[in-house]
Amino acid sequence: MTPTGLPMTVSTTAKREILISGAGISGPALAYWLHRSGFTVTVVEKAGALRDGGYPIDIRGTAIEVVRRMGILPRLRDAHIDSRRCTFLDAEGGVVASLNPHAVAGSVEGQDLEVRRGDLAAILYAMVRDDVEFLFNDSIDTLDQSEQGVDVTFHSGRRRTFDLVVGADGMHSPTRESLFGPEEQFHRYLGYCFAIFTMPNTFGLSHELMLWNTPGKAAALYAVGDNDELHAFLNFHQPEPPFDALRDPDAQRDLVARIFAGAGWEIPRMVNAMRDADDLFVDMVGQIRMPHWSSGRVALVGDAAYAPSFLTGQGSSLALVGAYMLANALSANRDHTAAFAAYERDVRGFVAMNQALVDNGEATLFPTTARALEQRNTMLRDLVTMPSATARPAHSALTLPEFVPAP
Ligand SMILES: Cc1cc2nc3c(=O)[nH]c(=O)nc-3n(C[C@H](O)[C@H](O)[C@H](O)COP(=O)(O)OP(=O)(O)OC[C@H]3O[C@@H](n4cnc5c(N)ncnc54)[C@H](O)[C@@H]3O)c2cc1C
């Protein structure tokens, strides 16, 4: 015992050291809140620099309160993409309906935000880069848990010991795999695959989204501003997940080109642009559903634990809310087991409600049969005459507790 009467090995005031794997959205958000509650935080990111690609993402409901408490709401409002129109097209490119984007997305005009994913990632990173250690171009090779901590061997060869580790490494989280086993057990395939990439804006589009559909296929061109770049998106129905075809970039390109061969409108130009794109991202549309989000001293946050799929538009919002709630639980409970249990108890219902948004017909944006497409188009024509949609209750289904300050 020490002169204070405390055991030598346990100091109640020692800074706890935590390693976060992944510098996407949930990783830096978690780093921010953990730093505020007195943790020493390290973030390891596989990529050589912040990954600033990706389609625009939404921040809605409870997540707006998280970014307000972080003090970044004004910056995100400046970065908000003010889309003015969403035009739905038929097989030949004829207009089916032209709508206010909020009516389609179920977001609240003037309140919810849509920003480039890269802008959100950069703003979050700027909040923490001076206070948090970032290890780019590295990743966790092995995790070895004991009573005292987690011994981590990195791919670079360095070795460190942390009190806790959090996997914030996305939908295909290697941390989840090393802890809980193969992704297939937790992956709920939703019947679609998608390809996103950027291409030149030779169409003169500005602040608008064009969405083309035939049964089982969809294509979108999204002009997020007036600039000369478009976000292109190709989505297609596949009853079985094509795990093998998605492993290799050439096979991905061939699969997408084969599916869209012979399609009308601007699809041939899009497929050609996809072949040349250096930022192509192809994946299955799916969710991650796990019975538990932690094991011992390691927990998961964001897509790694509960990816809801882009069909819900809630991936980044769940990541921001999950990061806040996990940090708050760790701030309130020095015992990590109690903290992880509280995090799971308080967030699971919110996650379940948001993941269930796809069960409630959100995929109607991508009908797979001619009949479903006709019904969807009739619904869209009706929407034209209706006022802007109100928010989905799921988006705000969690009331954030006050953040427990550092002891
Ligand atoms: C490049 C990119 C583009 C995206 N585009 C879209 C999009 O267009 N639309 C959409 O809805 N969602 C997109 N997403 C997913 C979206 O960002 C997430 O749904 C959401 O923001 C949840 O964030 P997250 O931090 O949990 O996961 P992510 O944002 O996926 O971040 C995970 C991070 O972990 C890193 N990582 C992966 N493996 C390792 C490893 N072994 N070690 C260390 N780091 C690792 C990744 O490089 C990434 O930076 C994209 C993600 C990325 C990485």
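Residues numbered from 1 in each chain as written. Predicted model: local features only at pLDDT ≥ 70, side-chain atom pairs only at ≥ 80, totals over all residues.

Here we look at the overall build of the protein chain
Counting its regular elements, the protein chain contains 12 helices and 18 strands. Here the protein chain has a C-alpha radius of gyration of 22 Å; the compact-globule value for 407 residues is 22 Å, and the two agree. Each of the three principal axes of the protein chain carries a C-alpha extent, and together these read 80 × 45 × 35 Å. Within the protein chain, buried positions represent 43% of all 407 residues. At a minimum sequence separation of 6, the contacts of the protein chain that also span at least 24 residues come to 72%. (Helix = DSSP H or I, 4+ residues; strand = E, 2+ residues; numbered from the N terminus. Rg over C-alpha atoms; globule rule 2.2 N^0.38 Å. Buried ≥ 20, exposed ≤ 12 C-beta atoms within 10 Å, placed from the backbone. Contact = placed C-beta atoms within 7 Å.)

Re the sheet that holds strand E9 (residues 150–154)
Taking strand neighbours across the sheet as the criterion, the 3 strands line up as E8-E9-E10 in an open arrangement whose pairing is antiparallel. Each having just a single partner strand, strand E8 (140–145) and strand E10 (159–162) make up the two edges of the open sheet. In this sheet, neighbouring strand axes are inclined to one another by 20 degrees on average, regardless of whether the strands run parallel or antiparallel. Inspection of the sheet shows E8 paired to E9 by 5 bridges, in the antiparallel sense. Looking across to E9, one finds that Ile140 is bridged to Phe154. (Pairing = 2+ DSSP bridges. Axes fitted to C-alpha atoms, helices over the stretch in contact; angles between N-to-C directions.)

So, the sheet that holds strand E4 (residues 85–89)
Spatially, the 7 strands line up as an open sheet ordered E5-E4-E13-E14-E15-E12-E16, and their pairing is mixed. The sheet is open, and its two edges are formed by strand E5 (95–99) and strand E16 (281–288), each paired on a single side. Strand-to-strand, the axes of this sheet are offset by a mean angle of 20 degrees, without reference to chain direction. Taken together, the 6 bridges between strand E14 (residues 217–223) and strand E15 (residues 229–237) define a ladder with antiparallel strand orientation.

Points about the pairing of E10
Across 4 bridges, the pairing between E9 and E10 is antiparallel. By the bridge assignment for E10, Asp151 is matched with Thr161. Two successive antiparallel strands, E9 and E10, enclose a turn made up of 4 residues, where Gly157 displays a positive phi of approximately 105 degrees.

Some points on the packing of helix H1 (residues 26–36) against helix H5 (residues 117–128)
When two helices pack together, their arrangement is captured by the angle between the axes and the distance separating the axes. For the pair H1 and H5, the least separation of the axes is 9 Å and the interaxial angle reads 25 degrees. For the element pair H1 / H5, the angle class is roughly parallel. Considering only the axes of H1 and H5, their crossing is left-handed. Of the residues in H5, those touching H1 at Pro28, Ala29, Ala31, Tyr32 and His35 are Leu124, Tyr125, Met127 and Val128. (Parallel < 35°, antiparallel > 145°, perpendicular 65-115°, else oblique. Left-handed = near helix turned anticlockwise from the far one by under 90°.)

A few points about the packing of helix H7 (residues 249–260) against helix H8 (residues 267–276)
Put simply, H7 and H8 touch, their axes get as near as 10 Å, and they point 175 degrees apart. With respect to their mutual orientation, H7 and H8 come out roughly antiparallel. Residues Arg253, Val256, Ala257 and Phe260 of H7 form the contact with H8, whose own contacting residues are Ile267, Val271, Met274 and Arg275. In terms of residue class, the contact of H7 with H8 is built from 6 nonpolar, no polar and 2 charged. (Nonpolar A, V, L, I, M, F, W, Y, C, P; charged D, E, K, R; others polar.)

Considering the environment of Ala332
Of note, Ala332 is situated in helix H10 (residues 315–332). Residue class for Ala332 comes out partly exposed when judged on the 16 C-beta atoms lying within 10 Å of it. The sequence separation of Ala332 and Leu99 amounts to 233 residues, and the corresponding C-alpha distance is 46 Å.

Digging into the domain arrangement of the protein chain
Per the domain assignment, the segments of the protein chain are domain 1 (17–81 + 112–187 + 287–363 + 392–396) and domain 2 (190–286 + 365–384). Once you take the C-alpha centre of each, domain 1 and domain 2 turn out to be 28 Å apart. The partner domain 2 presents 12 residues to the 12 residues of domain 1 that form the contact. Looking at the side of domain 1 that touches domain 2 residue by residue, the class counts come to 7 nonpolar, 4 polar and 1 charged. (Domains from an automatic or database assignment.)

A few points about the confidence of the model for the protein chain
Per-residue confidence for the protein chain averages 90 on the pLDDT scale, and 92% of its residues sit at or above 70. Low pLDDT, under 50, characterises residues 1–11; the stretch is placed with 3 contacts to residues that sit more than four places away or in other chains. (pLDDT = per-residue confidence, 0-100.)

Some details on unusual backbone geometry
Located in the positive-phi region is His207, a residue other than glycine, with phi close to 50 degrees. Counting through the fold element by element, His207 comes out in the loop between strand E12 (187–200) and strand E13 (208–214).

Concerning the environment of Pro242
If you trace the backbone, Pro242 turns up in the loop between E15 and H7. In this structure, the C-alpha to C-alpha distance between Pro242 and Arg371, residues 129 residues apart in sequence, is 26 Å.

Observations regarding the nonpolar core
By size, the foremost hydrophobic cluster in this structure holds 72 residues, and its most contacted members are Leu30, Val301, Leu320, Ala323 and Leu326. In terms of residue count, the dominant contributor to this core is H10 (11 residues). Beyond its immediate chain neighbours, meaning those up to four positions away, Val301 contacts Ser26, Leu30, Val166, Ala168, Gly322, Ala323 and Leu326. Counting 42 residues, the second largest nonpolar core, distinct from the first, contains Val224, Phe236, Val358 and Ala394. (Core = buried A, V, L, I, M, F, W, Y, C linked by C-beta atoms within 7 Å.)

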